[in-house]
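# Geometric and topological summary
Chain by chain, the residues run as shown.
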Amino acid sequence: MTAITNTDPDSASASQSEINAEMAAIESAYLHSGIEETQPRLDYPPYRSSLLRHPVNEPQHADPEGVELHTPVFGRRDVHALESDLTIQHAGEPIGERIVVTGRIVDGEGRPVRRQLVEVWQANAAGRYVHKRDQHAAPIDPNFTGVGRCLTDDDGTYRFTTIKPGPYPWKNHRNAWRPAHIHFSLFGTDFTQRMITQMYFPGDPLFSLDPIYQSITDQKARDRLVATYDHDVSTHEWSTGYRWDIVLTGSQRTLVENTQGDYR
Ligand SMILES: [Fe+2]
């Protein structure tokens, strides 16, 4: 009798140990392949909810000018400096650990990428998004929406003040928890260049259990998605600081996702 693979993205039928075994087998095969992978796996079966929606065809070139007619646009004056502070968007202070996240966006030669629109979105300190599909039993913080944006400066530096996000459960498998992370979008010079990725926090115990993080098979590439704690970014009696640089091209580039619009 043939086993039936359950492809319901919200079925949560597999156990963590089953997912771990699948991830370990893929990792072992990768380590024995001798080939260095530079991109996340699109077809990564332990990431159950991506099975039926990951791209299966090569990207198609779009006419940039045509795309610009129906995609978001922004001007320099549209982005206010206060939008980089996610802790001041409401009447009160959000609950949680106040942090500053900063870094430089550079190209493969280390040149700064100036005036780059950087957008972030994240869960609150309890691991809850303000999103209709996030209904797990953690409180919404009325003083925290979890979205912000800024433009890089002449040195390619971005800087956000926010609340450290909590880990949260998702329905990939039984008892699945995502490591704490902040989603990043870099707009590029037009919408067809937009790139999306996630920044993680150092030492997270959920890294080895998470199929999204593990869909990057190369440990060096995974490490490039993890911020470092930087005491020089921390400020006296106010916030702790993290540094995370983004390299757009070359062998040290930061991996980006091939899908858009998924809050996970
Ligand atoms: Fe997320």
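Not measured: the values here are computed from a predicted model. (Residues numbered from 1 in each chain as written. Predicted model: local features only at pLDDT ≥ 70, side-chain atom pairs only at ≥ 80, totals over all residues.)

Turning our eyes to something else, we now look at the overall build of the protein chain. Secondary structure assignment for the protein chain yields four helices and 11 strands. Taking 264 residues into account, the globule formula puts the C-alpha radius of gyration at 18 Å, and the protein chain, at 19 Å, falls close to it. When its C-alpha atoms are laid out on the principal axes, the protein chain stretches across 65 × 45 × 40 Å. A burial count over the protein chain gives 28% of its 264 residues as buried. Across the protein chain, every contact between residues at least 6 apart in sequence was considered, and the portion connecting residues at least 24 apart equals 73%. (Helix = DSSP H or I, 4+ residues; strand = E, 2+ residues; numbered from the N terminus. Rg over C-alpha atoms; globule rule 2.2 N^0.38 Å. Buried ≥ 20, exposed ≤ 12 C-beta atoms within 10 Å, placed from the backbone. Contact = placed C-beta atoms within 7 Å.)

Our focus in this paragraph is unusual backbone geometry. Trans peptide bonds make up the majority, and among non-glycine residues the majority have a negative phi. Positive phi is not limited to glycine here, since N175 has a value of about 60°. Tracing the backbone shows N175 in the loop between β5 (168-170) and β6 (176-178). Unusually for a residue other than glycine, E237 sits at a positive phi of about 55°. Position of E237 among the secondary structure elements: in the loop between β9 (228-229) and β10 (240-243). By the C-beta count within 10 Å, which is 4 here, E237 ends up exposed.

Let us now look at the sheet that holds strand β3 (residues 147-151). Read from one edge to the other, the open sheet built from four strands follows the order β3-β2-β7-β8, with strand pairing classed as antiparallel. A strand with exactly one partner marks an edge of an open sheet, and here the two such strands are β3 and β8 (195-200). Sheet twist, expressed as the average angle between the axes of neighbouring strands with direction ignored, equals 25°. Taken together, the five bridges between strand β2 (residues 117-122) and strand β7 (residues 181-186) define a ladder with antiparallel strand orientation. Paired with E119 across the two strands is S185, which belongs to β7. (Pairing = 2+ DSSP bridges. Axes fitted to C-alpha atoms, helices over the stretch in contact; angles between N-to-C directions.)

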